[in-house]
Amino acid sequence: DALGPTICVGEILVEIVATTTGTGFAEAQPLIGPFPSGAPAIFIDQCGRIGGAAAMIGAVGDDDFGRVNTARLARDGVDITAISVDPDFPTGSAFVRYRADGSRDFVFNIAKSAAARFGLTPGVEATIARAGHIHVMGTALTMPSARAVIETAVSRIKARGGSLSVDPNLRKELRTEPETRVLFDRLVAQADLLLPSGAELEAAAGVTGEAAALHRLFSRGVKEIALKRGADGASVFTADGQRSDCPAFAVQETDPTGAGDCFGGAYVACRRLGMPVAQSLAYANAAGARNVTFLGPMEGAGTRAELDAFIAATARK
Ligand code: ATP
Ligand code: MG
């Protein structure tokens, strides 16, 4: 059913943020959190919050860190019935501290947390059976359990005429195994929409140069490519040769984490609600920019009304 919800599979985390810039966590220091987080969770939260039908597949622990996430997703309209509650393992977490140059230090607890412990339960299968679109976050491909669910979900959804979007988002901080790369290339070849950020475009295509990378990806069957350029805005290219550019909003960046995920959640939701490329890009560009003005990776996800207000009130660069 093409009208079924957008689903996303992967890590659900809390993020705890150092309130001072500096290097790492070797000394006691002020922290703020827990904030709901995890790239797939941020994506699906923005998708639901802007008004798209959305459902999340993943796992949390039976603890407050888990409830921080499920309560937020439910509040923002996301179907949480396929989020399992692990009785034995705690909710995943990420501690993050920004250095003065904008780079980040992390302490992750993902691979051995509830975040990585889920599978094809009847509830998950039922959600896959209703889905009209699946969004794959590169970060989730580092977890074997998520890889298995994603492969099954993608083949079932595509087989009945649903669509697939992929955000490469293979963070250098997360270890990438050779089999992850093989699956990633297979997903890119099946993707209807690709949402790379900066150099991820060329990495996904396996060639250098923007034009060559776009050409290679379109010849593999990708229909639409939304290219994120951080503080320089974003562009969308379509297989029929159209191009749409959006200058960035001039904002004060408080916390850059989650911008790409909010951009993607808004873009996919708007396209699936039937909006044209340019209007969807305008909302996505606003969703990414608004999110960096909030401390916490998911705190700036906007409703359609909030994004309309942000667009009306904020100057472009
Ligand atoms: P993430 O760090 O979440 O993985 P990303 O690298 O995938 O992010 P970005 O390009 O950083 O994605 O951000 C996505 C979009 O959000 C940009 O294309 C832009 O539209 C908007 N955006 C991000 N940062 C800024 C900023 N500092 N000023 C204005 N807009 C921004
Ligand atoms: Mg990214």
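Residues numbered from 1 in each chain as written. Chains lettered and ligands numbered in written order. Predicted model: local features only at pLDDT ≥ 70, side-chain atom pairs only at ≥ 80, totals over all residues. Heavy atoms only, no water.

A.B. asks: What should I look at first to understand the sheet that holds strand β8 (residues 104-109) in this one?
C.D. replies: Hydrogen bonds between backbone groups are what pair the strands of a sheet, and the pairing can be parallel or antiparallel. Within the open sheet, the four strands sit side by side as β3-β2-β7-β8. Their pairing is mixed. Each edge of the open sheet is held by one strand with a lone partner, namely β3 (31-37) and β8. Strand-to-strand, the axes of this sheet are offset by a mean angle of 20 degrees, without reference to chain direction. The pairing of strand β2 (residues 13-18) with strand β7 (residues 92-98) spans five bridges and is classified as parallel. Looking at the pairing, V14 lines up with S93 of β7. (Pairing = 2+ DSSP bridges. Helix = DSSP H or I, 4+ residues; strand = E, 2+ residues; numbered from the N terminus. Axes fitted to C-alpha atoms, helices over the stretch in contact; angles between N-to-C directions.)

A.B. asks: Would you explain the pattern of salt bridges in this entry?
C.D. replies: Where side chains of opposite charge bring their charged atoms close, a pairing between them can arise. Overall, the coordinates contain 20 salt bridges when judged by the stated rule. Between R75 and D76 there is a salt bridge whose closest N-O contact spans 3.0 Å. On the basis of relative accessibility, which here comes to 53%, the residue R75 falls in the exposed class. D192 is paired through a salt bridge with K158; the nearest N and O atoms lie 2.9 Å apart. Taken together, the residues span a long stretch of sequence, with D192 in the loop between α5 (178-190) and β11 (193-194) and K158 in helix α4 (residues 144-159) at a distance of 34 residues. Judged by its relative accessible area of 13%, D192 is buried. Taking relative accessible area as the criterion, K158 reaches 24% and is therefore assigned partly exposed. The network of salt bridges with shared partners includes R49, R75, D76, R290 and E306. (Salt bridge = Lys/Arg side-chain N within 4 Å of Asp/Glu carboxyl O. Buried < 20%, exposed > 50% of the residue type's maximum accessible area, 1.4 Å probe, protein only.)

A.B. asks: What should I look at first to understand the confidence of the model for the chain in this one?
C.D. replies: Mean pLDDT over the chain: 96, with 97% of residues reaching 70 or higher. ipTM for the predicted complex: 0.97, alongside a pTM of 0.97. (pLDDT = per-residue confidence, 0-100.)

A.B. asks: What exactly am I supposed to notice about the packing of aromatic side chains here?
C.D. replies: For any pair of aromatic rings, the description rests on two quantities: the centre-to-centre distance and the angle between the ring planes. Applying the stated criterion across every chain yields a total of four aromatic pairs. Note on F249 and F310: the rings are 5.1 Å apart at their centroids and 65 degrees apart in plane angle, and the pair reads as edge-to-face. Taken as a pair, F249 in the loop between β14 (243-246) and α8 (259-272) and F310 in helix α10 (residues 304-313) lie far apart in primary sequence, 61 residues in all. You'll find F249 and F310 in the same group, each marked buried. Over the aromatic face of F89 sits the side chain of R117, whose NZ or CZ is 3.7 Å from the ring centroid. (Phe/Tyr/Trp six-rings, centres within 6.5 Å; stacked < 30°, edge-to-face > 60°. Lys NZ or Arg CZ within 6 Å of the ring centre and 35° of its normal.)

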